[in-house]
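# Architecture at a glance
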Amino acid sequence: SVAECQDRAYFHLFVSYSNWLDNTRYCFTCPVVYEFFNSLLVDLSSNLYARMMTDKQPIRSGDPMDIKHIYTLMPYSDLFITDKAMSAFLKSKEYDKKYNTQVCYIGDNDQMKDFFQNL
């Protein structure tokens, strides 16, 4: 049911965030660095999970993993390829500009071609 999916999504967010904090708490000795990485996780993941929970589309089993890939990889990528709906969402929230990442969807062959030709 939708309620069960929502409960699992909230649980996944909590566990992911808790595990991330536990695993990184001792890795970052500088509080400024720690807060920077913590803010990346909270900003991206909270917006993405909120979108998933409020979207009219049904929650799919792979959505939490897609979100994890986005908030883990996108801030450090020059090119991030995703599906069309997520590409539009990330651009509407200007995450492409915030992280200086070209965001495109899997079928946007021209943008991918331009990216690799300009390397």
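Here's what I pulled together on the structure shown here. Counting restarts for each chain, with residues numbered from 1 along the sequence as it is written. Where local features are concerned, this predicted model is filtered to residues with pLDDT of at least 70; where side-chain atom pairs are given and counted, the filter is 80 or more; whole-chain, interface and lining totals use all residues. For the side-chain quantities, the full set of heavy atoms in the structure was used; hydrogens and water were omitted.

Let's shift gears to the pattern of salt bridges. Pairing is possible between side chains that carry opposite charge, provided their charged atoms lie close to one another. In what follows, salt bridge is the name for a side-chain nitrogen of Lys or Arg lying within 4 Å of a carboxyl oxygen of Asp or Glu. What the rule picks out here adds up to three salt bridges. Its salt-bridge partner being R60, residue D63 comes within 3.2 Å of it at the nearest N-O pair. Working definition: with a 1.4 Å probe on protein chains only, accessible area under 20% of the residue-type maximum means buried, over 50% means exposed, and in between means partly exposed. Given the relative accessible area of 13%, D63 is considered buried. Residues K97 and E94 are paired through a salt bridge, measuring 3.8 Å at the closest nitrogen-oxygen approach.

The next point concerns the layout of surface pockets. Space inside and on the surface of the protein is sampled on a 1 Å grid over the protein atoms alone, with a cavity defined as a set of points where a 1.4 Å probe fits but cannot get out and a pocket as an open set with protein on both sides within 12 Å along at least 5 of 7 lines; lining residues have an atom within 4 Å of a point. Grid points are joined across faces, edges and corners, and a volume is the space filled by probe spheres set on the points. If you add up the space inside the largest pocket, you get close to 330 Å³. Every residue lining the largest pocket is counted, 18 residues in all, and those nearest its centre are R51, R60, D63, D83 and M86. Where the lining of the largest pocket is concerned, the elements lending two or more residues are helix 2 (31–54), helix 3 (63–73), strand 1 (79–82) and helix 4 (84–92). A per-element tally of the lining of the largest pocket places helix 3 first, with five residues. Residue composition of the lining of the largest pocket, grouped by class: nine nonpolar, three polar and six charged. Comment: elements are numbered from the N terminus, with helices defined as DSSP H or I runs of at least four residues and strands as E runs of at least two. Amino acids are sorted into nonpolar (Ala, Val, Leu, Ile, Met, Phe, Trp, Tyr, Cys and Pro), charged (Asp, Glu, Lys and Arg) and polar (every other residue, Gly among them).

Take the nonpolar core next. Within soluble globular proteins, side chains that are nonpolar tend to cluster in buried spots. Residues belong to a common nonpolar core when they are buried Ala, Val, Leu, Ile, Met, Phe, Trp, Tyr or Cys residues joined through side-chain atoms within 4.5 Å. Membership of the largest hydrophobic core comes to 17 residues, with the highest contact counts inside it found for L44, L48, I70, M74 and L90. For this core, the secondary structure elements donating two or more residues are helix 2, helix 3 and helix 4. Among the elements that line this core, the one with the most residues is helix 2, at six residues. Whether two residues touch is decided by their heavy atoms; if any such pair falls within 4.5 Å, the residues are in contact. In this structure L90 touches L48, I70, M74, T82, Y95, D96 and V103, once residues within four positions along its chain are discounted.

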